[in-house]
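# Residue-level structure breakdown
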Amino acid sequence: MITLYSKATSNGRKASIMLEETGLAYRVRAMALERREQKEPWFLALNPNGRIPVIVDEDGPRGAPFTVFESAAILTYLAEKAGKFLPPEGRARAEVMTWLTFASTHLTFTGMQVHWQVRLREQGKPHELLAVWQEENARVYGVFEQALADGRPFLAGAAYSIADIAAWPWIHRWRMQEIDFESFPRTKAWYERVGTRDAVRRGLNVPPRDDGL
Amino acid sequence: MAYVPDGQRVGPMFGQANHFRTYAKEKITYAVERYTNEARRLYGVLDKRLTDHEYLAGDFYSIADIATYPWCRAPERRGVSHDEFPNVKRWFQAIDARPAVIRGNAVLEDVPHAELDDKAWDIMFGKAQFQKR
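### Things to note about the domain arrangement of chain A
All names here are of chain A.
- Looking at chain A, the domain boundaries give domain 1 (2-84) and domain 2 (90-197).
- Contact residues are listed per partner, giving 12 residues for domain 1 and 10 residues for domain 2.
- Of all the elements in the fold, those that place two or more residues in the side of domain 1 that touches domain 2 are α1 (10-22) and α3 (71-82).
- At 7 residues, α1 tops the list of elements feeding residues into the side of domain 1 that touches domain 2.
- Grouping the amino acids of the side of domain 1 that touches domain 2 by side-chain chemistry returns 5 nonpolar, 4 polar and 3 charged.

### Quick word on the nonpolar core
- Ranked by internal contacts, the top residues of the largest apolar core, which has 50 residues, are Leu75(A), Leu100(A), Ile162(A), Ala163(A), Ala166(A) and Ala167(A).
- Among the elements that line this core, the one with the most residues is helix α6 (residues 162-171) of chain A, at 8 residues.
- Viewed by domain, this core spans two of them, domain 1 (2-84) and domain 2 (90-197) of chain A, each represented by three or more residues.
- Apart from the residues lying within four places of it in its own chain, the contact partners of Ala167(A) are Ala103(A), Leu107(A) and Leu155(A).
- Counting 22 residues, the second-largest nonpolar core is a separate cluster that includes Trp133(A), Ala39(B), Val80(B) and Phe85(B).

### Considerations on the sheet that holds strand β1 (residues 2-6) of chain A
Residues and elements named next belong to chain A.
- Taking strand neighbours across the sheet as the criterion, the 4 strands line up as β2-β1-β3-β4 in an open arrangement whose pairing is mixed. Each end of this open sheet is capped by a strand with a single partner; those strands are β2 (26-30) and β4 (66-69). On average, adjacent strands in this sheet sit at an angle of 20 degrees to one another, irrespective of strand direction.
- Bridging between β1 and β2 involves 5 bridges; their strand directions are parallel. By the bridge assignment for β2, tyrosine 5 is matched with arginine 29.
- Against the sheet, α1 contacts β1, β2 and β3 (54-57), and its axis sits at roughly 155 degrees relative to β1.

Definitions and limits used
- Residues numbered from 1 in each chain as written.
- Chains lettered and ligands numbered in written order.
- Predicted model: local features only at pLDDT ≥ 70, side-chain atom pairs only at ≥ 80, totals over all residues.
- Domains from an automatic or database assignment.
- Contact = placed C-beta atoms within 7 Å.
- Helix = DSSP H or I, 4+ residues; strand = E, 2+ residues; numbered from the N terminus.
- Nonpolar A, V, L, I, M, F, W, Y, C, P; charged D, E, K, R; others polar.
- Core = buried A, V, L, I, M, F, W, Y, C linked by C-beta atoms within 7 Å.
- Buried ≥ 20, exposed ≤ 12 C-beta atoms within 10 Å, placed from the backbone.
- Pairing = 2+ DSSP bridges.
- Axes fitted to C-alpha atoms, helices over the stretch in contact; angles between N-to-C directions.

This is how it looks when you write it as structure tokens:
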């Protein structure tokens, strides 16, 4: 059994969607980020960085419990455990790792900066970096748009992979990011294609959130 | 594996700290503070991990160390001293002395940094960086 420590945020959803996609047995421990539960000593013992998501696999390598933090590491670990969504070797694997890394760094980092600035604006505070990060975010969407230009249905090519799972939850917040989605038609089509998957719909709401985001 | 993406956090955050401390034309106090504090927090995470592990992923040198090491050079650029983080310092010095690292650091070192005039600044940090490429 795997325990997922998470909240249904863009990073948390990478792990919950992956668990739903693989069909591995798991339970959820919802984290109260508003109470900074992720900074409590018991949680820092799982992830010294104090961030969600984290998984603890009771049946880890050699049968011993194993803790994994950082969403990209969780996706890779679960893909290898389930034998799904990450080719075992060669060029196809390198393609997935490339786009997994791009989604985990440029898209995720930029998305976090946009969301931070939007929250400052909502609170009536100075948010002078909002335009800079929105511009960078649009550039990142442009990179996806270019990658999809050869007609590939998924980010790393013909097959759905952990690269798609890493990118999708951040693109899911395109409205909050004030992205002009019509300017990125291939990315929009990819977003809709991935979004119709049952496991993605289920994983979006783990642990359940009631504000419809 | 968990520590390779740690390099993925270190890069962007340290990069922002460098930018707002050194390159930004306007000093935005909040941005300088936020990114400097976050860089310092990440140094703390690395230092804690390295208290009882020789390298980031455990007792062996790995791509996690290779991803993180270059961002730990010139810490003063992000307002941090390695003296505050003794385990990072020990780890950094061990990697810094590896022959392959010394050779890797020398790659492209002879290419001079262009002077950062207004045009170069714009290409690196201004509007031009957002142009489709």
